[in-house]
Amino acid sequence: MKSHAPSKESRMHSDVRISPSILSADFMNMERDIEAITMGGADLIHVDVMDGHFVPNLTIGAPVVEGLSHVARIPLDVHLMVSNPLDQLPWFLKHAPYLVTVHAEALDAEAGEFSQAIDAIHAAGSKACIALRPDTDVDVLAPVIADLDMVLIMSVYPGFSGQSYIGGSDARVARVVEIARAAGASPLIEVDGGLGANEATRAVVAAGADVLVAGSAVFSNGDFATNIAAIRAAASEARTGCAR
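As the structure is a prediction and not an experimental result, all values here were calculated from the model.

> Can you explain the UniProt feature "binding site: a divalent metal cation" (unreviewed entry) in the protein? Please cite residues and give values.
In the numbering adopted here, UniProt assigns the feature "binding site: a divalent metal cation" (unreviewed entry) to His46, Asp48, His79 and Asp192. In summary, the annotated positions, though distributed over 147 residues, converge in three dimensions, the widest C-alpha pair being only 10.8 Å. Secondary-structure assignment places His46 in strand 2 (residues 45-50). When near neighbours in sequence (up to four residues on either side) are disregarded, His46 contacts Ser19, Pro20, Ser21, Ile22, Asp77, His79, Glu190, Asp192 and Val213. Structurally, the position occupied by Asp48 is in strand 2. On the basis of relative accessible area, Asp48 is assigned to the buried category, the value being 6%. For Asp48, the contacting residues outside a window of four places in its chain are Ser21, Leu23, Thr59, Ile60, His79, Met81 and Asp192. Among the polar contacts listed, one links the side chain of Asp48 to the side chain of Ser21, at a separation of 2.5 Å.

What follows is the structure, encoded as structure tokens:
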């Protein structure tokens, strides 16, 4: 790691968490698949909410999140890929998800909308995260980094599962670590896109990622427990190597 990066001991959270994206699950057997990934060792359930406007895909809405809240035994990690998050947040927050993510690109920073979203999420008792697409400057988060529980770095362009990891995303993770350290903060850092038991996972974990979203890498062959264990092993290897 570069010498200017903070040591892992100074900001590392507990073991890397795995948040399987149910966008790659069987929608006709969602409760079955959620129970399977829970038994298979998942830490969170990543729920991709897409409105067909902010991203070129349409997935699920608040009624599905409500249903998930009744059957899930591990926390919901709700990722809102919508063009009007301030309007839609109340629909999801009333179901008390553990964590809610909104996109920086859908908010007007100059109008104070980052803080409005964060405050609304916290007021509802959930943890707050802001996500960044691959072409958004990470430094946009500097003014609010101390108020965030997590930052989500997209390592693909949001909209569809099964995409390949965009190289250089690990450098963006490292930059979030730097910004957080400068503010005396230590939010979790989540990465979403192209991750699995692969070099992409090792790279982002070595850079400081704490939470890994994986869709097709978990759900592709039906052996959820083995797939989750393999991703966790790759992450642990990277974290152990970085801490040496």
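Following the structure, the description resumes.
> I'd like a rundown of the UniProt feature "active site" (unreviewed entry) in the protein, residues and numbers included.
Summarizing the sequence annotation, UniProt attributes the feature "active site" (unreviewed entry) to Asp48 and Asp192 in the numbering used throughout. Spatially, the listed residues are clustered: although they cover 145 residues, their C-alpha atoms lie within 10.8 Å of one another. By the element assignment, Asp192 lies in strand 7 (residues 188-192). Those residues in contact with Asp192 that lie beyond four places of it in its chain are His46, Asp48, His79, Leu152, Ile153, Met154, Ser155, Val156 and Val213.

> Can you lay out the nonpolar core for me, pointing to particular residues and giving the numbers?
Membership of the largest hydrophobic core comes to 63 residues, with the highest contact counts inside it found for Ile22, Val47, Val49, Leu80, Ile130 and Leu212. Those residues within four positions of Ile22 in sequence are excluded, and the remaining contacts are Phe27, Met30, Ile34, Ile45, His46, Val47, Leu68 and Phe219. If you look at the next biggest cluster of nonpolar residues, it comprises 10 residues, including Leu44, Leu99, Cys129 and Met150.

> Which residues make up the pattern of salt bridges, and what values go with them?
Scanning the entire structure with this criterion turns up nine salt bridges. With its nearest N and O atoms 2.9 Å apart, the salt bridge here joins Asp33 to Arg32. Among the residues examined, Asp33 registers a relative accessible area of 4% and is labelled buried. Where Arg202 meets Glu199, a salt bridge forms, and the shortest distance between an N and an O atom there is 3.1 Å. Here Glu199 and Arg202 lie together in helix 7 (residues 199-207), a separation of three residues that amounts to about one turn.

> Can you tell me about the pairing of strand 4 (residues 99-103), naming the residues and giving the values?
The buried fraction of strand 4 is high, at five of five residues. Across the two faces of strand 4 the burial is the same, with Leu99, Thr101 and His103 and Val100 and Val102 all buried. Bridge analysis of strand 3 (residues 76-81) against strand 4 gives three bridges, and the strand direction is parallel. Considered in strand 4, the bridge of Asp77 is made with Leu99. Assessed by its sense of winding, the connection that carries the chain from strand 3 through helix 4 (residues 85-93) to strand 4 is right-handed. Pairing between strand 4 and strand 5 (residues 127-132): five bridges, direction parallel. The residue of strand 5 that forms the bridge with Leu99 is Lys127. For the handedness criterion, the β-α-β arrangement of strand 4, helix 5 (residues 113-123) and strand 5 is classed as right-handed.

Reading the values: rules and limits
Residues numbered from 1 in each chain as written. Predicted model: local features only at pLDDT ≥ 70, side-chain atom pairs only at ≥ 80, totals over all residues. Heavy atoms only, no water. UniProt positions renumbered as here; feature names shortened; annotations may be inferred. Helix = DSSP H or I, 4+ residues; strand = E, 2+ residues; numbered from the N terminus. Contact = heavy atoms within 4.5 Å. Buried < 20%, exposed > 50% of the residue type's maximum accessible area, 1.4 Å probe, protein only. Polar contact = N/O pair within 3.5 Å; in protein donor to acceptor, adjacent residues only side chain to side chain. Core = buried A, V, L, I, M, F, W, Y, C linked by side-chain atoms within 4.5 Å. Salt bridge = Lys/Arg side-chain N within 4 Å of Asp/Glu carboxyl O. Pairing = 2+ DSSP bridges. Right-handed = clockwise from strand over helix to strand, strands pointing away.

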